[in-house]
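As a plain string of letters, each chain reads:
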Amino acid sequence: MDVLIVGAGISGIGAARYLKTELPAKTFAILEARAASGGTWDLFRYPGIRSDSDLHTFGYEFKPWRDEQSIADAPRILEYLRETVTENDLDRHIRFHHRVLAASWSSGDARWTVEVQRADTGERITLTCGWIFCASGYYRYDEGFTPEFPGRELFGGTIVHPQHWPDDLDHRGKRVVVIGSGATAVTIVPAMAGDAAHVTMLQRTPTYIMPVGRKDPVANALKKYLGPERGYAWTRRKNIAQQKAVWTFCRRWPSAARKIIRWVNARQLPAGFPVDEHFHPPYDPWDQRLCAVPDGDLFKAIRRGQASVVTARIAGFTEKGIQLESGEHLDADIIVTATGLNVQAFGGVPVTVDGAEVKLPETVSYKGMMLSGVPNFAYAIGYTNSSWTLKIGLLCEHFCRLLKHMQDQGYDICRPEVADPSMPTRPFLDFGAGYIRRAVGQLPRQGDRMPWLTSMNYQSDVKLLRADDVTDPELHFA
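Everything in this summary refers to the structure shown in the same document. (Residues numbered from 1 in each chain as written. Predicted model: local features only at pLDDT ≥ 70, side-chain atom pairs only at ≥ 80, totals over all residues. Heavy atoms only, no water.)

1. Quick word on the overall build of the protein
Okay, step 1: Counting its regular elements, the protein contains 13 helices and 28 strands.
Okay, step 2: Relative to the 2.2 N^0.38 estimate, which gives 23 Å for 478 residues, the radius of gyration of the protein is 23 Å and therefore close to what a compact globule would have.
Okay, step 3: Among the 478 residues that make up the protein, the fraction classed as buried is 52%.
Okay, step 4: Nonlocal contacts in the protein, meaning residues at least 24 apart in sequence, comprise 70% of its contacts between residues at least 6 apart.
Okay, step 5: For the protein, the computed accessible surface area is about 20700 Å², with 50% contributed by carbon and sulfur atoms. (Helix = DSSP H or I, 4+ residues; strand = E, 2+ residues; numbered from the N terminus. Rg over C-alpha atoms; globule rule 2.2 N^0.38 Å. Buried < 20%, exposed > 50% of the residue type's maximum accessible area, 1.4 Å probe, protein only. Contact = heavy atoms within 4.5 Å. Areas by Shrake-Rupley, 256 points an atom, 1.4 Å probe, with all protein chains shown as cover.)

2. Here's the deal with the nonpolar core
Okay, step 1: Within the largest apolar cluster, 126 residues are counted, with the highest numbers of intra-cluster contacts made by Ile 5, Trp 112, Trp 131, Phe 133 and Phe 279.
Okay, step 2: Looking at this core element by element, the count peaks at eleven residues for helix H11 (residues 388-409).
Okay, step 3: Not counting the four nearest positions on each side in its chain, Phe 279 is found in contact with Pro 206, Ile 209, Asn 265, Leu 269, Phe 273, Leu 298, Phe 299, Ile 302 and Val 309.
Okay, step 4: Counting residues in each nonpolar core, the second largest holds 13 residues, with Phe 149, Phe 155, Leu 202 and Leu 330 among its members. (Core = buried A, V, L, I, M, F, W, Y, C linked by side-chain atoms within 4.5 Å.)

3. Remarks on the packing of aromatic side chains
Okay, step 1: Tallying each qualifying case throughout the model produces 20 aromatic pairs.
Okay, step 2: Between Phe 44 and Tyr 46, the aromatic rings sit 5.8 Å apart at their centres with planes inclined by 75 degrees, giving edge-to-face as the arrangement.
Okay, step 3: Ring centres of Phe 346 and Phe 377 lie 5.5 Å apart, and the angle between their planes is 80 degrees; on these two criteria the pair is classed as edge-to-face. Here Phe 346, found in the loop between strand S19 (341-343) and strand S20 (351-353), pairs with Phe 377, found in strand S24 (residues 377-379); they are 31 residues apart in sequence, far enough to count as distant.
Okay, step 4: Within the aromatic cluster, the residues linked to one another by ring pairs are Tyr 18, Tyr 60, Phe 62, Trp 65 and Tyr 80.
Okay, step 5: Directly above the aromatic system of Tyr 18 lies the positively charged group of Arg 17, at a separation of 5.5 Å from the ring centroid.
Okay, step 6: The side chain of Arg 252 reaches across the aromatic face of Trp 253, ending 5.5 Å from its centre. (Phe/Tyr/Trp six-rings, centres within 6.5 Å; stacked < 30°, edge-to-face > 60°. Lys NZ or Arg CZ within 6 Å of the ring centre and 35° of its normal.)

4. Topic: the sheet that holds strand S11 (residues 198-203)
Okay, step 1: Read from one edge of the open sheet, five strands run S9-S18-S10-S11-S14, paired in parallel fashion. Two strands lie at the open edges of the sheet, namely strand S9 (158-160) and strand S14 (307-311), each paired on one side alone. On average, each strand axis in the sheet is tilted by 20 degrees relative to the strand beside it, whichever way the strands run.
Okay, step 2: Where strand S10 (residues 175-179) lies against S11, five bridges are found, and the strand directions are parallel. When the sheet's bridge partners are listed, Val 177 is paired in S11 with Thr 200. (Pairing = 2+ DSSP bridges. Axes fitted to C-alpha atoms, helices over the stretch in contact; angles between N-to-C directions.)

5. So, the sheet that holds strand S5 (residues 111-118)
Okay, step 1: Read from one edge to the other, the open sheet built from five strands follows the order S6-S5-S4-S20-S21, with strand pairing classed as mixed. Of all strands in the sheet, those bounded by a partner on one side alone are strand S6 (124-129) and strand S21 (356-357).

6. A word on the side chain of Ser 136
Okay, step 1: Positionally, Ser 136 belongs in the loop between strand S7 (131-134) and strand S8 (139-144).
Okay, step 2: Exposure remark for Ser 136: the relative accessible area of 16% places this residue in the buried category.
Okay, step 3: Reaching out from Ser 136, the side chain makes a polar contact with the backbone nitrogen of Gly 347 at a distance of 3.2 Å.
Okay, step 4: Non-local contacts of Ser 136, meaning those with residues more than four positions away in its chain, are made with Val 6, Tyr 141, Phe 346 and Gly 347. (Polar contact = N/O pair within 3.5 Å; in protein donor to acceptor, adjacent residues only side chain to side chain.)

7. Overview of the packing of helix H6 (residues 217-226) against helix H7 (residues 228-252)
Okay, step 1: At a minimum axis separation of 7 Å, H6 and H7 run at an interaxial angle of 150 degrees. One finds that H6 runs roughly antiparallel with respect to H7. When you trace H6 past H7, the crossing you get is right-handed. Residue-level contacts link Val 218, Ala 219, Leu 222, Lys 223 and Leu 226 of H6 to Pro 228, Arg 230, Gly 231, Tyr 232, Trp 234, Thr 235 and Lys 238 of H7.
Okay, step 2: Tallied by class, the residues present in the contact of H6 with H7 amount to seven nonpolar, two polar and three charged. (Parallel < 35°, antiparallel > 145°, perpendicular 65-115°, else oblique. Left-handed = near helix turned anticlockwise from the far one by under 90°. Nonpolar A, V, L, I, M, F, W, Y, C, P; charged D, E, K, R; others polar.)

8. Digging into the pairing of strand S15 (residues 314-318)
Okay, step 1: For S15 and strand S16 (residues 321-324), the ladder comprises four bridges, and the chain directions are antiparallel. In the strand pairing of S16, Thr 318 is matched with Gly 321.

9. Examining the packing of H7 against helix H8 (residues 254-268)
Okay, step 1: In the contact formed by H7 and H8, the axes pass within 5 Å of each other and the chain directions differ by 115 degrees. The pairing of H7 with H8 is recorded here as roughly perpendicular in orientation. Contact residues: Phe 249, Cys 250, Arg 251 and Arg 252 in H7; Pro 254, Ala 256, Ala 257 and Ile 260 in H8.
Okay, step 2: A per-class count over the contact of H7 with H8 returns six nonpolar, no polar and two charged.

10. Some remarks on the pattern of salt bridges
Two side chains bearing opposite charge may form a pair once their charged atoms approach each other closely.
Okay, step 1: The tally for this structure, following the rule as stated, stands at 30 salt bridges.
Okay, step 2: The partner of Arg 118 in a salt bridge is Asp 120, with the nearest N and O atoms 2.8 Å apart.
Okay, step 3: A relative accessible area of 40% places Asp 120 in the partly exposed class.
Okay, step 4: Where Lys 391 meets Asp 461, a salt bridge forms, and the shortest distance between an N and an O atom there is 3.3 Å. A residue pair is termed long-range when its members are at least 10 positions apart, and Lys 391 in helix H11 and Asp 461 in helix H13 (residues 458-467) qualify at 70 residues.
Okay, step 5: According to the relative accessible area criterion, Lys 391 is buried, its value standing at 1%. (Salt bridge = Lys/Arg side-chain N within 4 Å of Asp/Glu carboxyl O.)

By themselves, these figures tell us nothing about what the structure is for.
Structure follows, in C-alpha cells:
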C-alpha cells in the first residue's frame, strides 16, 4: 500500500483522517498492536484519568468538541476518538493485534518492507509500503517506569503502577500512598480520596500545580450563541492564544510567575499550610510541564483532610508502608508508584536503510517530523508546552501536502539530508521531565537552525508546516 500508519491513538487516527480526506486515492492501513483504538485513552484505567489540556485544543481542528467539559475524563475522550473513526469510515483500515517488529527500506525498490506479528495468533506477516507514518507515541505501552525501592518485597499490601491498574483494586477505607507529584499523581490523589481512609502524596520534589475550571463558560457560551462549529473555532483560537500567553509569561518573567502560582496555591490551601515546603519547586515554571487540577480538586481534598502531601526521600519499603530518610514512617495498605513512563522512540522498532541500521542519536530531526538520512519516514510528536494535538494536526497537513507534491512531480523518494555536517546539535526535546532526561541519549538530535529545529511554538509551526512550501534545499527527491 502507499502508507502504513503505526498506532491507532489520537495521532494515528488524525493522520488517517487527513490522508483519507486530502489524498483519497492513496491506499493505507493503521497497524495497532493492541485490541482496541484510542492509544493512551484506552490503555490507562487509573481513577480519575483525564487530559490536563483543554479539549478545544487537544481535540482535532476538523471535529468540534461538543461536551460541556473542557478538561475531560478518558471515557469522554475515547468516545470522541471512536466517533472520529466511525464518521470517517476508518474502522476498515485498522488492523488490530498487529505489532510491528522491524522495518527495512530499499532504495532500489523505493519501498519499506515491514515485518509484523499478529498478537492474537502469533502469525508473522510481511507488508510493503511507500511511506511509514509512525504514530506510536513516545512511551512503552507494556511497561511503566518504577525506580528500585529497597525492601519492596517486604511490603504486605498492594503495589500498583498507574499504567497497569487492576480492575478489581478496592481502595475503600484503605490507607493509600501515591509516590510522585506529576500529572498522574495529582489526578489519582483526589480521585481516590473520597473513598479511601486517607491518601498521601509522597513527593521527592514539588511540582507547579494550578487549578483550572473543568468547564469553560466562555466556550460553552460561544457554542450556544455561534453554534458548535463556529463556537469551537473561536474557542480554539482563544485557548491557543491563552496557552501561548501563559507559557511566554512564565519563561520571560519566571520570578513573577513563581509568586503568582504560590499566591494561587496559598489561597487554595488551608490556613497555615506549609506552601513553600510542598508547592514551591526549585526550578522555574515550564522547565517541566505545569500540572492542572480541574476545579482545584487536589486542593479541596487537602482542605477536607482526605489527602495530605509529604515531601521527603524514601529510605525503603517496610512490611506496613514506607520508611522515609527523615525517620518518619508512612503507614499504607496500597502504594501507587506514579513514578513515570519509559520513553520509547518510534515504538522501539528496529529500522534499517539499505541494510544499514538507523541509530537514532546519529540522526537529526527535520521539521520535527522526519529524520536525516531516512527516506519516506514521518513521525508524530506533539507539543510539550501546550496541547499535543495542535502540532499533530499541522504535521498531518504538511505530510499530505508533501505526498501530493511527490505525486504531482512523479517522485518516489524523499530524504532529508543535513547540508552542513558541522552544524551544532542538541537534545531532541529541551524539556526537564524525568522521563525525558532518562531517555535523551536514545533519541534523535535537533539542530540550531531551521529546518532542523524541533519547534514547540504553534504560531511558528503554522508558518512552517501550513503556509511555507513543502520543498527545502535539504530535502532531496528522487
